[in-house]
Protein chains: 2
Amino acid sequence: MLIGQVTDTNSGFFARQLVPYGWQAISVQVVADEAEAIKQALDRSFSESDVVLTTGGLGPTKDDITKLVLRDYFGGTMVHDEETTSTITRIMRGRGLELNDYTRSQAMVPSSCRVIQNECGTAPIMWFERDGKILVSMPGVPYECETMFVREVLPQLIAHFNRDMSIEFRHLMVMGITESALAMKLDEWERKLPDSIHLAYLPQAGLVRLRLTGLSSEAEVLHEQMNTLAEELHVMLKCYIVAEEDKPLSAILGDLLRNRGLTVSTAESCTGGNIAHEITRIAGSSDYYIGSVVSYHRKVKESMLHVPAHEIDMCNVVSEQVAKSMAQGACRALKTDCSVATTGVAGPGGGTKDIPVGTVWMAATCAGKTLTRCKHIPGHRERVIQRATNEALMLLIELLQSEKSI
Amino acid sequence: MLIGQVTDTNSGFFARQLVPYGWQAISVQVVADEAEAIKQALDRSFSESDVVLTTGGLGPTKDDITKLVLRDYFGGTMVHDEETTSTITRIMRGRGLELNDYTRSQAMVPSSCRVIQNECGTAPIMWFERDGKILVSMPGVPYECETMFVREVLPQLIAHFNRDMSIEFRHLMVMGITESALAMKLDEWERKLPDSIHLAYLPQAGLVRLRLTGLSSEAEVLHEQMNTLAEELHVMLKCYIVAEEDKPLSAILGDLLRNRGLTVSTAESCTGGNIAHEITRIAGSSDYYIGSVVSYHRKVKESMLHVPAHEIDMCNVVSEQVAKSMAQGACRALKTDCSVATTGVAGPGGGTKDIPVGTVWMAATCAGKTLTRCKHIPGHRERVIQRATNEALMLLIELLQSEKSI
């Protein structure tokens, strides 16, 4: 992580899981695989918090030293854990593999810990206690770490501390207003918020997520207060609201489609299948999503989406007209009610003076109505693709919201 | 970030950019938007390093307090920066917006800093110095932060410190051997590595990335050493190597296709366009990628990929036969040399006793040769999709590597 080859998603996962129990993450530290650095990080963490969660550094190879550092830190010797050997053997056999010296060494743990069996991998989970404080060491692989945290670690933490604080959130996703215009609109209202309730602005490509957070030991009072405040926000921002919960654009679109019994397809050029991917990330998307044509090459636009060749020749492949024909062609070819299309230059090559890198034409169509839009998205290739994906999803959301009759 | 709503990608970006200059990130800290927590984090960071990079907390809204904390920390008063006002005005006008009180307040900065104009957004970049150490405060929005770091901050840091350490990396991506078997194979060799050179194992869905890192003040000696060691690794692991640099699977596939002058398409069901997305993330992929059919609904498999209806009825839609027909159908429909197909159950719904959630059939085809494989992928929906995407890319890589004659 400290050379940027791997991105930490575990700490965010823990935080999201802990929040509903009123647990506040104080800080996240990323430290080198060096004994001294790890010890210092442990000292710091214990000085400011009651629970320390660590991940990673538990592999069988020489660069993984966390287990030895924890033994030095909490005392004891390395001992062989019989149950862990059984777990590891079972997992390896399930993968069609036999134990070797390296995997066998995974069953050695500090005598000062209690082992929680890891049902997803070969690194044991270790629970240490000292002076009423707790450290849980988990594997770094996100799938193992997430699964075992939810299944074992979190329930054991809750049982141990017997929590009684309440935390509540309300989310609003707003579109068509900038963060600063929003802040001015809410200024007076925000000043009057009680100390226990806090408003955060989270801008995100083309929209702003507003999050109201309340923390209190009186659950019912808090709940009432949050309801009242959320209602006030709703009244003030009515015309900008696209969703009243925090969810991906593709889920907002999915709800709109499901509620109206509509089906959708996509016709993608510069977004290269990413709109389809965003839509299908959502569980249950098969209720409304039928399929896509990714027409990267011009021939595919012609043969599978029936974009007329003369249109491409006359208007350019990156044009309003071609985007429109792609969306309408997808509706026909895939037999869907709605469709959204993109054609643009994601870069870094391919730009011209008239159509520079970052130019994206989009079209959304539904029941005979079509909306088109052009965006000039600055930045590198991945950003253009991601931003164009969001803009295309928003264009279709906008079309569906404006045409309530569809 | 501390409630897990946003994932930090900036620190990894900085680390990747700094590494070639021999700069080592010592730690990453994520702290709450609270003055005391920020001050403590600054104290810690300055105690262990010469440069502190901070991002975020610079927005115009009340929850952003970094600027005030920095003024208290480095001294001085808040002053109005004329040049920043011009920059903000220019940026806002470019977006078709006028300044309001909130955006205007962005031009107020501590008198103790030197401002670096942010050409990508309205939050100024601030450079502070004290006792020969440096703090640079940057906006949190990844696009702004990344662009301005590369364009302004990094060059200024290099000029300031006049670095002379050399760092070198060598990467090997290996497939078909587990991390622990690999570690046993390399055990003796690894023990003999000089202190200045370090081997890391980075397992990743289905393959292991090996990274050799060397740090030295003698650039040429290091370069020779690294070449020799990389060659030794190459000889030992020859039959497992899929790439000798650290790059995404889709880029490895892209190189294979480009070198042989082959074109590719995808036919995706459960991966929902994600393979297409992975392929098109790579700049220049239009050299070999033609297009895709995402056939989520069975009708699309029949109409656009020409999978025979009786095959779906007899074998089940998630079957070896259907995966094979999808891949071959995509080659025909999209007129490509190769294709890769997936059909499976991403979950959480849709599983049966015979075909549980996580079952994915894949097929790769090229010039008349077809390879099929079934994987049972544990975990949640997003993991199944991502893992199936990687497995499908690897299947096609395997086919191309095994059939050198293609």
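Everything below is about the structure printed above this text.
Residues numbered from 1 in each chain as written. Chains lettered and ligands numbered in written order. Predicted model: local features only at pLDDT ≥ 70, side-chain atom pairs only at ≥ 80, totals over all residues. Heavy atoms only, no water.

What chain A contains, in helices and strands, is 14 helices and 16 strands. Projected onto the principal axes, the alpha-carbon positions of chain A cover approximately 75 × 60 × 40 Å. Going through the 406 residues of chain A one by one, you find that 55% of them count as buried. The contacts in chain A between residues at least 6 apart in sequence include a share of 66% that link residues at least 24 apart. On chain A, roughly 17,200 Å² of surface is accessible, and the fraction owed to carbon and sulfur atoms is 50%. If the 40 positive side-chain charges of chain A are averaged to one point and the 50 negative ones to another, these points end up 7 Å apart. (Helix = DSSP H or I, 4+ residues; strand = E, 2+ residues; numbered from the N terminus. Buried < 20%, exposed > 50% of the residue type's maximum accessible area, 1.4 Å probe, protein only. Contact = heavy atoms within 4.5 Å. Areas by Shrake-Rupley, 256 points an atom, 1.4 Å probe, with all protein chains shown as cover. Lys, Arg positive; Asp, Glu negative; His and termini not counted. Charge placed at Lys NZ, Arg CZ, Asp CG, Glu CD.)

Let's shift gears to the nonpolar core. A general tendency of soluble globular proteins is for nonpolar side chains to be buried together. Within the largest apolar cluster, 42 residues are counted, with the highest numbers of intra-cluster contacts made by A:M304 and B:M304. Only β13 (289–295), α11 (298–305), α13 (320–334) and β15 (359–366) of chain A together with β13 (289–295), α11 (298–305), α13 (320–334) and β15 (359–366) of chain B provide two or more residues apiece to this core. The contacts of B:M304, once residues within four sequence positions are left out, are A:V293, A:M304, A:A333, A:L334, B:V293 and B:A333. (Core = buried A, V, L, I, M, F, W, Y, C linked by side-chain atoms within 4.5 Å.)

Turning our attention to unusual backbone geometry. Residue and element names in this part refer to chain A. With omega at 0°, the peptide bond leading from G347 into P348 counts as cis. One can find P348 in the loop between β14 (338–344) and β15. Positive phi values are uncommon outside glycine, yet A367 reaches one of about 45°. With respect to the helices and strands, A367 occurs in the loop between β15 and β16 (369–376).

Of the residues lining the interface, 85 residues belong to chain B; the matching set on chain A comes to 85 residues. Summed over both partners, the interface of chain B with chain A comes to about 6,700 Å²; 59% of that surface belongs to carbon and sulfur atoms. At the boundary of chain B and chain A, one finds 4 salt bridges. Salt-bridge contacts for B:E48 lead to A:R44; the nearest nitrogen and oxygen are separated by 2.9 Å. There are 25 residue pairs in polar contact (both at pLDDT 80 or more) connecting chain B and chain A. A total of 8 residues in the side of chain B that touches chain A trace back to one element, the largest contributor, which is helix α7 (residues 179–191) of chain B. (Buried area = accessible area lost by both parts, 1.4 Å probe. Salt bridge = Lys/Arg side-chain N within 4 Å of Asp/Glu carboxyl O. Polar contact = N/O pair within 3.5 Å; in protein donor to acceptor, adjacent residues only side chain to side chain.)

Between the two copies of the chain lies a relationship made up of a rotation around an axis and a movement along it. With an RMSD of 0.1 Å, chain B superimposes on chain A once it is rotated by 180° and translated 0.0 Å along the axis. Both copies of the chain, as the preceding transformation shows, are related through a two-fold rotation axis. Mapped onto chain A, 100% of the interface residues of chain B again fall at the interface, so both copies present the same surface. (Least-squares fit on C-alpha atoms with pLDDT ≥ 70 in both.)

To continue, consider the pattern of salt bridges. Under the defined criterion, the tally for this structure stands at 35 salt bridges over all chains. A:D187 is the salt-bridge partner of A:R191, the closest N and O atoms lying 2.9 Å from each other. Linking A:R191 with A:D187, this pair stays in helix α7 (residues 179–191), spanning 4 residues, or about one helical turn. By relative accessible area, A:R191 is classed as exposed at 58%. Judged by relative accessible area, A:D187 falls into the buried class, the value being 16%. Across the salt bridge formed by B:R93 and B:E98, the nearest N and O atoms sit 3.7 Å from each other. Like B:E98, B:R93 is exposed.

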